[in-house]
2 protein chains.
Amino acid sequence: MIETVAIAGVGLIGSSFALALRRRVGFRGRILGVSRPEYLEKAVAAGIIDEGVSLEEAASTADFLYLSSSITRIIETLGDLDPMARPGLVVTDAGSTKEQIMAKAGGFERAVFVGGHPMAGKESRGCESADPDLFEGRPYFLCYQSESHKSIPAVAEFRAWLDAFGVRVQEIRAEEHDRLVALTSHLAQMASTALAATLDRRLGAEQARRGAGPGLESMLRLAQSGYEGLWEDILATNSGPIASALDFYISELQRLRRAAGDEVADTFTSAGEFARQLRDTGI
Amino acid sequence: MIETVAIAGVGLIGSSFALALRRRVGFRGRILGVSRPEYLEKAVAAGIIDEGVSLEEAASTADFLYLSSSITRIIETLGDLDPMARPGLVVTDAGSTKEQIMAKAGGFERAVFVGGHPMAGKESRGCESADPDLFEGRPYFLCYQSESHKSIPAVAEFRAWLDAFGVRVQEIRAEEHDRLVALTSHLAQMASTALAATLDRRLGAEQARRGAGPGLESMLRLAQSGYEGLWEDILATNSGPIASALDFYISELQRLRRAAGDEVADTFTSAGEFARQLRDTGI
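So, here's what we can say about the structure. Worth saying up front: this structure is predicted, and the values here are computed from it rather than measured.

For chain A, the count of helices and strands is 12 helices and eight strands. A compact globule built from 283 residues would reach a C-alpha radius of gyration of about 19 Å, and chain A, at 21 Å, matches this within 12%. Its C-alpha atoms give chain A principal-axis dimensions of about 65 × 40 × 35 Å. Evaluated residue by residue, chain A yields a buried proportion of 55% over its 283 residues. Across chain A, every contact between residues at least 6 apart in sequence was considered, and the portion connecting residues at least 24 apart equals 70%. Surface summary for chain A: the accessible area is close to 11,400 Å², and the carbon and sulfur share equals 45%. Taken as two groups, the 30 positive and 39 negative side-chain charges of chain A have centres that lie 4 Å from each other.

Below, the structure written as structure tokens:
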């Protein structure tokens, strides 16, 4: 029975996890936070965590530790964590790439690590934007280091929380996860950023605005995402699969660029059908 | 004073134009429709037009003719129109590309042609989806063949209607229009279609759905657009500027693919700033 939860990184994801735990699970134990003092103060004032503590205190007193800082910071924390962990501490994370994170936690002797990736977010960041329903209906990837971890009571309890959050849990190997999201998430980001860069270079904002409609708006939404601490880390920890995804996309654009009528018609038709299929099954 | 308006093509755009004319301008004259019998019947039943007529009857009796069918059909109609037009008939269109359309109307002797392009639309088509506020806040391009056309009373009256529709009127030369929308609209479509095609080929819908979040959804919205009678015609009548826009985009993706940290950071930062600027000034 998990009685004390610690959340390292009380930004949008960590704070939403805490709120979901209170409101959707009905968790009545203590929720500790680990972060910079000014963030902890805000999170306590907002009623998201009960108290701010050091990582060492969290690792040695909590039953469950949720790592929801940047990927770089998660990897750093995993490097320090095991010696200070209370034996049997269950640790999970919310990093957007999994292979390097799983590798870093590979040698744990005291703590048990389960990799996680909630595919959720919104345009605003920080604990002020926390939302107990943020994860609802979204994919939540889980990477187990060992099948035997699933039957550890605290791991099973975490798994049950995710059901209460209304997420679509997907068990996956780390490498497969990283190749999959390179196409469904990272490539989409690169496509949007490159589109914005093209229009910026060729037209500039004033000219582009003259010809901008809702279709373009939808294509440029991702380009507004932050780089530091987010895409910087994703690109650094998933460079191989992202490069392959970009190569596929560039070939597809080159094919469309050269294609004659019938081939273009086929591409539009099958791409349209694919996009509608994805929409209809509720992404 | 325009007393009789004819609308050739009573789909989403033509029907919305008719509704906007009634509700936002308060037009009390007759509105005729030109289309296939089954479409005319629906448009009369929906109270969008008063009566269906032939193109010949419309051209010889109306004061103002709005061409809102496909680009191919608009070009065809412009080829037949002038000899049957009543002298001084003002004709405009809603085609998404302008150079070939303007060229086709270049030799008019009886009718006066003003090219138009409302950048508006929605996912559903047909007169059932008509909306008097469809054009509100959207760009509406106008291409004049001659400065002198602006002072023709029926042309000035049409121009005043557009103000009542709440559009952002932009006067532009046809070639400049086509180069601009190749980047802001046609390239965005190709980027979305190619992204859907890449995911379809590499993952298929079932796998892609596992890793699909709201960012991808936003990037695949345009890919759902129809090809026949819409993108087929746009690609056929603006192939040069679209090919150039694709070349720019492919180079930008290749640059991102090869770039090291600092250059990627710069691209993300300036692309993000560009996208936010466009959003903030309300596209």
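Another aspect to go through is the relation of the copies chain B and chain A. For the pair chain B and chain A, the relating rotation is 180°, the translation along its axis is 0.0 Å, and the fit reaches an RMSD of 0.0 Å. One copy is carried onto the other by what is essentially a two-fold rotation axis. By residue overlap, the copies meet face to face through one surface: 100% of the interface positions of chain B are interface positions in chain A.

What follows covers the interface of chain B and chain A. In this complex, chain B contributes 81 residues to the contact, which on the side of chain A involves 81 residues. At the boundary of chain B with chain A, total buried surface from both sides reaches about 7,900 Å², with 67% on carbon and sulfur atoms. For the pair chain B and chain A, the number of links is six salt bridges. For Arg257 of chain B, the salt bridge goes to Asp247 of chain A, with nearest N and O atoms at 2.8 Å. Counting every contact that joins chain B to chain A gives 24 residue pairs in polar contact (both at pLDDT 80 or more).

All names here are of chain A. Read from one edge to the other, the open sheet built from eight strands follows the order β3-β2-β1-β4-β5-β6-β7-β8, with strand pairing classed as mixed. Two strands close off the open sheet at either side, each with one partner strand: β3 (51-52) and β8 (168-171). Relative to strand β4 (residues 64-67), strand β1 (residues 4-8) runs parallel, the two sharing four bridges. What sits directly across from Ala8, in β4, is Leu67. Each of β1, β4, β5 (90-93), β6 (112-118), β7 (139-144) and β8 touches helix α6 (residues 153-165); the most contacted strand, β7, lies at about 165° to it.

The subject of this paragraph is the pattern of salt bridges. In the structure shown here, the tally under the stated rule is 34 salt bridges over all chains. A salt bridge links Glu38 of chain A to Arg36 of chain A; the shortest N-O distance between them is 3.5 Å. By relative accessible area, which is 48% here, Arg36 of chain A ends up partly exposed. Among the salt bridges present, the one from Glu176 of chain B reaches Arg210 of chain A, with a minimum N-O distance of 3.3 Å. Pair noted here: Glu176 of chain B is in helix α7 (residues 174-202) and Arg210 of chain A is in helix α8 (residues 204-210), and the two residues belong to different chains. In this structure, a network of salt bridges that share partners links the residues Arg24, Asp133 and Glu136 of chain A.

Time to look at the pairing of strand β4 (residues 64-67) of chain B. Burial along β4 of chain B is two-sided: the residues Phe64 and Tyr66 of chain B and Leu65 and Leu67 of chain B are all buried. At this point the chain moves from β4 of chain B, through helix α4 (residues 71-84) of chain B, to the parallel strand β5 (residues 90-93) of chain B, and the crossover so formed is right-handed.

Among the secondary structure elements, Ala191 of chain B is positioned in helix α7. Apart from the residues lying within four places of it in its own chain, the contact partners of Ala191 of chain B are Met219, Tyr249 and Leu253 of chain A together with Tyr249 of chain B.

So, on to the nonpolar core. Taken as a class, soluble globular proteins show a tendency for nonpolar side chains to be buried jointly. Within the largest apolar cluster, 139 residues are counted, with the highest numbers of intra-cluster contacts made by Leu65, Leu78 and Tyr249 of chain A together with Leu65, Leu78 and Tyr249 of chain B. Apart from residues no more than four positions distant in its own chain, Leu65 of chain A is found in contact with Ala6, Ala8, Leu55, Leu81, Leu89, Val90, Val91 and Thr92 of chain A.

This paragraph deals with the packing of helix α1 (residues 12-25) of chain B against helix α6 (residues 153-165) of chain B. All names here are of chain B. It is at 10 Å that the axes of α1 and α6 come closest, and there the two elements cross at 80°. Between α1 and α6, the angle falls in the class roughly perpendicular. Where α1 abuts α6, its residues Phe17, Ala20, Leu21, Arg24 and Val25 lie against Phe158, Trp161, Ala164 and Phe165. Across the contact of α1 with α6, the residue classes break down as eight nonpolar, no polar and one charged.

Residues and elements named next belong to chain A. Most of β7 is tucked away: six of the six residues are buried. Of the two faces of β7, the one lined by Pro139, Phe141 and Cys143 and the one lined by Tyr140, Leu142 and Tyr144 are each fully buried. As paired elements, β6 and β7 share five bridges and run antiparallel to each other. Across the sheet, Val114 pairs through a bridge with Tyr144, a residue of β7. Crossover handedness for the path β7 to α6 to β8: right-handed.

Let's shift gears to the packing of aromatic side chains. Under the counting rule described, the total for this entry stands at 27 aromatic pairs over all chains. Here Phe135 of chain A and Phe165 of chain A contribute two aromatic rings whose centre-to-centre distance is 5.7 Å and whose plane-to-plane angle is 20°, an arrangement assigned as stacked. With a gap of 30 residues between them, Phe135 of chain A in the loop between β6 and β7 and Phe165 of chain A in helix α6 connect regions that are remote in the sequence. Judged by relative accessible area, Phe135 of chain A falls into the buried class, the value being 1%. Measuring from centroid to centroid gives 5.4 Å for Phe17 of chain B and Phe165 of chain B, while their planes differ by 80°, and the two rings are edge-to-face.

It is worth spelling out the packing of helix α11 (residues 239-258) of chain A against helix α11 (residues 239-258) of chain B at this point. Close contact between α11 of chain A and α11 of chain B brings their axes to 10 Å; oriented N to C, the two are set at 165°. Relative to α11 of chain B, α11 of chain A is oriented roughly antiparallel. Every pair of crossing elements has a handedness; the one defined by α11 of chain A and α11 of chain B is left-handed. Note on element contacts: α11 of chain B touches α11 of chain A through Ala243, Leu246, Asp247, Tyr249, Ile250, Leu253, Gln254 and Arg257 of chain B, opposite Ala243, Leu246, Asp247, Tyr249, Ile250, Leu253, Gln254 and Arg257 of chain A. Residues of the contact of α11 of chain A with α11 of chain B, tallied by class, amount to 10 nonpolar, two polar and four charged.

Taken together, eight strands build an open sheet; the order of strands is β3-β2-β1-β4-β5-β6-β7-β8 (chain B) and the sheet is mixed. Looking at the sheet topology across the chains shown, the edges are occupied by β3 (51-52) and β8 (168-171) of chain B.

The rules behind the values
- Residues numbered from 1 in each chain as written.
- Chains lettered and ligands numbered in written order.
- Predicted model: local features only at pLDDT ≥ 70, side-chain atom pairs only at ≥ 80, totals over all residues.
- Heavy atoms only, no water.
- Helix = DSSP H or I, 4+ residues; strand = E, 2+ residues; numbered from the N terminus.
- Rg over C-alpha atoms; globule rule 2.2 N^0.38 Å.
- Buried < 20%, exposed > 50% of the residue type's maximum accessible area, 1.4 Å probe, protein only.
- Contact = heavy atoms within 4.5 Å.
- Areas by Shrake-Rupley, 256 points an atom, 1.4 Å probe, with all protein chains shown as cover.
- Lys, Arg positive; Asp, Glu negative; His and termini not counted.
- Charge placed at Lys NZ, Arg CZ, Asp CG, Glu CD.
- Least-squares fit on C-alpha atoms with pLDDT ≥ 70 in both.
- Buried area = accessible area lost by both parts, 1.4 Å probe.
- Salt bridge = Lys/Arg side-chain N within 4 Å of Asp/Glu carboxyl O.
- Polar contact = N/O pair within 3.5 Å; in protein donor to acceptor, adjacent residues only side chain to side chain.
- Pairing = 2+ DSSP bridges.
- Axes fitted to C-alpha atoms, helices over the stretch in contact; angles between N-to-C directions.
- Right-handed = clockwise from strand over helix to strand, strands pointing away.
- Core = buried A, V, L, I, M, F, W, Y, C linked by side-chain atoms within 4.5 Å.
- Parallel < 35°, antiparallel > 145°, perpendicular 65-115°, else oblique.
- Nonpolar A, V, L, I, M, F, W, Y, C, P; charged D, E, K, R; others polar.
- Phe/Tyr/Trp six-rings, centres within 6.5 Å; stacked < 30°, edge-to-face > 60°.
- Left-handed = near helix turned anticlockwise from the far one by under 90°.

No statement about biological role is implied by the geometric values presented.
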